[in-house]
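# Results of the structural survey
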2 protein chains.
Amino acid sequence: MALGEFALIARHFSAAPAGRVALAGGDDCALLDGGDGWQWAVTADMLVEGVHFLPDVDPEALGHKALAVNLSDLAACGAAPRACFLALALPRADEAWLGAFSRGLHALAEAHGCVLAGGDTTRSPGGVTIAITALGEVPRGAALLRSGARVGDDLWVSGHLGDGALGLLMRTGHAPADAAALARLERPQPRVALGRALRGVATSAIDVSDGLAGDLGHVLAASGVGARLDWAAVPRSAALAACDEALQRRCVLAGGDDYELVFTAPPTAREAVSRAGAAAGVAVTRIGTITPASGLLLALPDGATMDIAARAFDHFAP
Amino acid sequence: MALGEFALIARHFSAAPAGRVALAGGDDCALLDGGDGWQWAVTADMLVEGVHFLPDVDPEALGHKALAVNLSDLAACGAAPRACFLALALPRADEAWLGAFSRGLHALAEAHGCVLAGGDTTRSPGGVTIAITALGEVPRGAALLRSGARVGDDLWVSGHLGDGALGLLMRTGHAPADAAALARLERPQPRVALGRALRGVATSAIDVSDGLAGDLGHVLAASGVGARLDWAAVPRSAALAACDEALQRRCVLAGGDDYELVFTAPPTAREAVSRAGAAAGVAVTRIGTITPASGLLLALPDGATMDIAARAFDHFAP
């Protein structure tokens, strides 16, 4: 029996906060002591060749994406990126590859004021493996957490969903290429400015890295609530909207690699959410409501509803 | 031409300190803002199957060692471990393996008050890859750095050197097994208490992970000094002392995996260094002197000296 990724983590690597660690595990970031009035939000992600990216990926895009997935976690907590650490395992020391990879990483780091503060480079007999730990600053007590959704809150999403999965189908020859969807897959833009603008406005947030159903499911479980998702309201790109309905649902709900923010806010905050989106230059769309009943109901345009399993993309599933 | 690991890092991934990052790269740890009067020391290391450990390694020992190499970097800065983040890539979800690995990691973490605060677990089509980022606390301005060695300082080392490399020869069938040397390879004890006790006493420090010549070479380069190393004074285990002279030198100077501290202190601090060693329960031995001339001179018992290249174990060398 294959164990789910999250079950694995929870079973063997859980820890309780203590000392200078205010929040450990179970959210997009941990929270550590900073100075007076602020905390460090810290996240660690690993990208593995053949699992998270294809061997022939453009190394500059890979450098961008490897940092972007971490900055997206900081964004989901409302933290401002400050520092990152890179551990990199490579089959060989290829100057051109390294130059392009570091250009992509440095460009995104600089755009967000994030200093590459250290790391480790080593040889790998297998493929490329990239592990980045990123640290951001957030006012004490202001971090957006998964656990804050309340019954009656609106459910919101930034940008549009499903292009990451669609881009992967294009890259592997299973869908006709579309430059915008490929760019969404290969150069995701972490919603850092939006996350910061949502501090004090949103009640909970998560970034969509494993598909909307699974990631929203984490918010619902952590908050002890359910949600009703209005399928017609979910923003999709022109390329995805042109695909058949089943593919659209798969890409949005179980796809992953979107790096948009899904968040909740009370109906009284609708104007504040719109202002946050405008300030950050990102579209924000209301896609549902938080409900008392647990589970995730998908409301279809014909009036039917479906109870969808909150099943994230599972790295260990057969 | 193969590029050295350190050349690679320096060329592509250098960064200048800025904002909340007080020290970026070039030392065992980076230094980030903490609260009033203290800083976070942060280090990231990656261990790759087939490069840093053998496929049949005891997973409990591996969990210990993966954290130990990071805590050793914190020790070299004089920092007290507080939190760590684990990114783990695995070919399959093996419950028994994971249980043993996490036991080894948690036991060492708890022994040092270090909270496993988060991480990432993913599938890997290749072997096991482990990336840990560890954070420790150090009083502001008190971190032991590589750059502080001064001409006339004594050169010191903790414990004894060369057993890590000797243990690897044993494990691969190239030397008769010795339990103590194998334990040194597989369950190194990071010198955390010693590093803390040396704050305000030592002028510079580094941990020996890639062999004495290379690691001491980093201190000499960062401090702009040279050293004269008294070979007869270098502490070696009984198992290593029983080996032939050439093997002893290779294991000590170019071996790696010792995780002892090499540090400098003025001759006026000899008693303070001895007290620090006693307080930490670790032997400390004077093995040489810091000199104005650059380079590393090995002084042999017969009065001869050798200029030894400061060449660390190179992960990309053929």
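Note that the structure is a prediction, hence the values are computed from the model and not measured. (Residues numbered from 1 in each chain as written. Chains lettered and ligands numbered in written order. Predicted model: local features only at pLDDT ≥ 70, side-chain atom pairs only at ≥ 80, totals over all residues. Heavy atoms only, no water.)

### As for the interface of chain A and chain B
Test applied: In this analysis, two residues are considered to be in contact whenever any of their non-hydrogen atoms come within 4.5 Å of each other. Here the quantity called buried area is the total loss of accessible area, with a 1.4 Å probe, experienced by two parts when brought into contact, counted for both. Basic side-chain nitrogens of Lys or Arg form a salt bridge, by our definition, when they fall within 4 Å of a carboxyl oxygen of Asp or Glu. Here a polar contact is recorded for every N or O atom pair within 3.5 Å, except that within protein the pair must consist of a potential hydrogen donor and a potential acceptor, and residues adjacent in sequence are included only if both atoms are side-chain atoms.
Contacts between chain A and chain B engage 63 residues on the former and 63 residues on the latter. For the pair chain A and chain B, the summed buried surface comes to about 5,400 Å²; carbon and sulfur atoms form 68% of the total. Considering only the surface of chain A that becomes buried against chain B, A:Phe13, A:Arg20 and A:Met46 emerge as the three largest contributors, covering 13% of it. The tally of links between chain A and chain B comes to 2 salt bridges. Salt-bridge contacts for B:Glu137 lead to A:Arg20; the nearest nitrogen and oxygen are separated by 2.7 Å. There are 13 residue pairs in polar contact (both at pLDDT 80 or more) connecting chain A and chain B.

### Details of the relation of the copies chain A and chain B
For clarity, the cut-off: Superposition of the copies used a least-squares fit over C-alpha atoms from residues whose pLDDT is at least 70 in both.
If you rotate chain A by 180 degrees and push it 0.0 Å along the axis, it lands on chain B with an RMSD of 0.0 Å. Here the symmetry operator amounts to a two-fold rotation axis. Among all residues of chain A, the minimum C-alpha distance to the rotation axis is found for A:Gly35, at 1.8 Å. Most of the interface of chain A is mirrored in chain B: 100% of its interface residues are interface residues there too.

### Some thoughts on the sheet that holds strand 8 (residues 204–207) of chain A
All names here are of chain A. Applicable threshold: Following DSSP output, two strands are said to pair if at least two bridges run between them. Helix and strand definitions here come from DSSP, where helices need a minimum of 4 consecutive H or I residues and strands a minimum of 2 consecutive E residues; each element is numbered from the N-terminal end. Here an axis means a line fitted to C-alpha atoms, over the contact stretch when the element is a helix, while the angle between two N-to-C directions is reported on a 0 to 180 degree scale.
With mixed pairing, 7 strands are arranged side by side in an open sheet as 8-10-7-11-9-12-13. In the strand order of this sheet, the two ends are held by strand 8 and strand 13 (305–307), each with one partner. For this sheet, the mean angle separating the axes of adjacent strands, direction not counted, is 25 degrees. In this sheet, strand 10 (residues 261–265) lies alongside strand 7 (residues 154–158) in antiparallel orientation, the contact comprising 4 bridges. Paired with tryptophan 156 across the strands is phenylalanine 263, a residue of strand 10. Packed onto the sheet, helix 2 (residues 59–77) meets strand 8 and strand 10 and runs at close to 175 degrees relative to strand 8. Against the sheet, helix 7 (residues 212–223) makes contact with strand 7, strand 8, strand 9 (226–230), strand 10, strand 11 (284–291) and strand 12 (295–299), and its axis sits at roughly 150 degrees relative to strand 8, the strand it touches most.

### Concerning the packing of aromatic side chains
To keep things clear, this is the line we draw: Only centres within 6.5 Å qualify two rings of Phe, Tyr or Trp (six-membered ring in Trp) as a pair; their planes then separate them into stacked at under 30 degrees, edge-to-face at over 60, and tilted for everything else. Here the term buried applies to any residue with accessible area under 20% of the maximum for its type, exposed to any over 50%, and partly exposed to those in between, with areas from a 1.4 Å probe on protein chains only. Comment: the charge-over-ring label is applied if NZ (Lys) or CZ (Arg) is within 6 Å of the ring centre and within 35 degrees of the ring normal.
Applying the stated rule across the entire model yields 6 aromatic pairs over all chains. Note on A:Trp38 and A:Trp40: the rings are 5.3 Å apart at their centroids and 70 degrees apart in plane angle, and the pair reads as edge-to-face. Assigned by exposure class, A:Trp38 and A:Trp40 land together as buried. Over the ring of B:Trp231 we find B:Arg236, and its NZ or CZ is 4.2 Å from the ring centre.

### Let's talk about unusual backbone geometry
A positive phi angle is found at A:Tyr259, which is not glycine, with a value near 55 degrees. Relative to the helices and strands, A:Tyr259 is located in the loop between helix 9 (245–254) and strand 10.

### Points about the pairing of strand 7 (residues 154–158) of chain B
All names here are of chain B. Extensive coverage of strand 7 is indicated by the burial of 5 of its 5 residues. Neither face of strand 7 is open: one carries Asp154, Trp156 and Ser158, the other Leu155 and Val157, and all of them are buried. Alignment of strand 7 against strand 11 (residues 284–291), held across 5 bridges, turns out to be antiparallel. Residue pairing for strand 11: leucine 155 is matched across the bridge by glycine 288.

### A short note on the confidence of the model for chain A
Residue and element names in this part refer to chain A. For clarity, the cut-off: Each residue carries a pLDDT score, the predictor's own confidence in it, on a scale running from 0 to 100.
For chain A, the average pLDDT comes to 91, and 94% of its residues sit at 70 or higher. Across residues 310–318, confidence stays below pLDDT 50; counting only partners more than four residues off in sequence or on other chains, it has 32 contacts. What the predictor reports for the complex is a pTM of 0.93 with an ipTM of 0.92.

### Details of the packing of helix 4 (residues 163–171) of chain A against helix 5 (residues 179–186) of chain A
Helix-helix packing is characterised by the crossing angle of the two axes and by the distance between the axes. Residues and elements named next belong to chain A. What counts here: Here the word oblique covers every angle except those under 35 degrees (roughly parallel), over 145 (roughly antiparallel) and from 65 to 115 (roughly perpendicular). Gly is placed with the polar residues, together with every amino acid not listed as nonpolar (Ala, Val, Leu, Ile, Met, Phe, Trp, Tyr, Cys and Pro) or charged (Asp, Glu, Lys and Arg).
Running from N to C, helix 4 and helix 5 cross one another at 105 degrees; their axes reach a closest spacing of 7 Å. Between helix 4 and helix 5, the angle is such that the two are roughly perpendicular. Contact with helix 4, carried on its side by Asp163, Gly164, Leu166, Gly167, Leu168, Met170 and Arg171, involves Ala181, Leu182, Arg184, Leu185 and Glu186 of helix 5 and no other residues of that element. For the contact of helix 4 with helix 5, a count of residues per class yields 6 nonpolar, 2 polar and 4 charged.

### Here's the deal with the sheet that holds strand 4 (residues 80–90) of chain A
Residue and element names in this part refer to chain A. Spatially, 6 strands are ordered 1-2-3-6-4-5 in an open sheet, and the strand pairing comes out mixed. Of all the strands in the sheet, just strand 1 (21–23) and strand 5 (115–123) have a single pairing partner and so form its edges. Geometrically, the sheet is characterised by an average inter-axis angle of 25 degrees between neighbouring strands, direction not taken into account. Sheet topology note: the strand 1/strand 2 (residues 30–33) ladder contains 2 bridges and is antiparallel. Looking at the pairing, valine 21 lines up with leucine 32 of strand 2. The sheet contacts of helix 3 (residues 95–111) involve strand 4, strand 5 and strand 6 (129–139), and relative to strand 4 the element is tilted by about 165 degrees.

### A word on helix 9 (residues 245–254) of chain B
All names here are of chain B. Buried residues of helix 9: Leu247, Gln248, Cys251, Val252 and Leu253, and no others. Tucked into the core, helix 9 has its buried residues touching helix 4 (163–171), helix 7 (212–223), strand 9 (226–230), helix 8 (238–241) and strand 12 (295–299). By the N-cap criterion, in which a side-chain oxygen at the helix start approaches the backbone nitrogen of a residue two or three places on, helix 9 is capped by aspartate 244, the distance to alanine 246 being 3.1 Å. A positive backbone phi angle near 95 degrees is found at glycine 256, which sits one or two residues after helix 9.

### Regarding the pattern of salt bridges
Should their charged atoms come close, side chains of opposite charge can pair. Applying the stated criterion across every chain, the model contains 28 salt bridges over all chains. B:Asp58 is the salt-bridge partner of B:Arg187, the closest N and O atoms lying 3.8 Å from each other. Residue B:Arg187 is found in the loop between helix 5 (179–186) and helix 6 (192–197), and its partner B:Asp58 is found in the loop between strand 3 (38–48) and helix 2 (59–77); the two are separated by 129 residues along the sequence. Judged by its relative accessible area of 34%, B:Arg187 is partly exposed. In the salt-bridge network here, residues are joined through shared partners; they are A:Arg20, A:Asp33, B:Arg82 and B:Glu137.

### Here we look at the pairing of strand 2 of chain A
All names here are of chain A. Taking the residues that link successive antiparallel strands as the turn, the strand 1-strand 2 hairpin has 6 residues, and the phi of glycine 25 there is positive, at about 75 degrees. The sheet contact formed by strand 2 and strand 3 (residues 38–48) spans 4 bridges and is antiparallel. Each bridged residue has a counterpart across the sheet, and for leucine 31 the counterpart in strand 3 is alanine 41. Here strand 2 folds back onto strand 3, and the loop between the two strands holds 4 residues, one of which, glycine 37, carries a positive phi near 85 degrees.

### Quick look at the state of the cysteines
Note the following rule: When two cysteine sulfur atoms lie within 2.5 Å, the pair is treated as a disulfide.
With the rule as written, the count across this model stands at 0 disulfides over all chains. Of all cysteine sulfurs in the structure, the one in A:Cys29 sits closest to A:Cys77, which takes part in no disulfide; the separation is 3.4 Å. Overall, the relative accessible area of 1% leaves A:Cys77 in the buried class. Left unpaired, B:Cys114 is separated from the closest cysteine sulfur, that of B:Cys84, by 3.9 Å.

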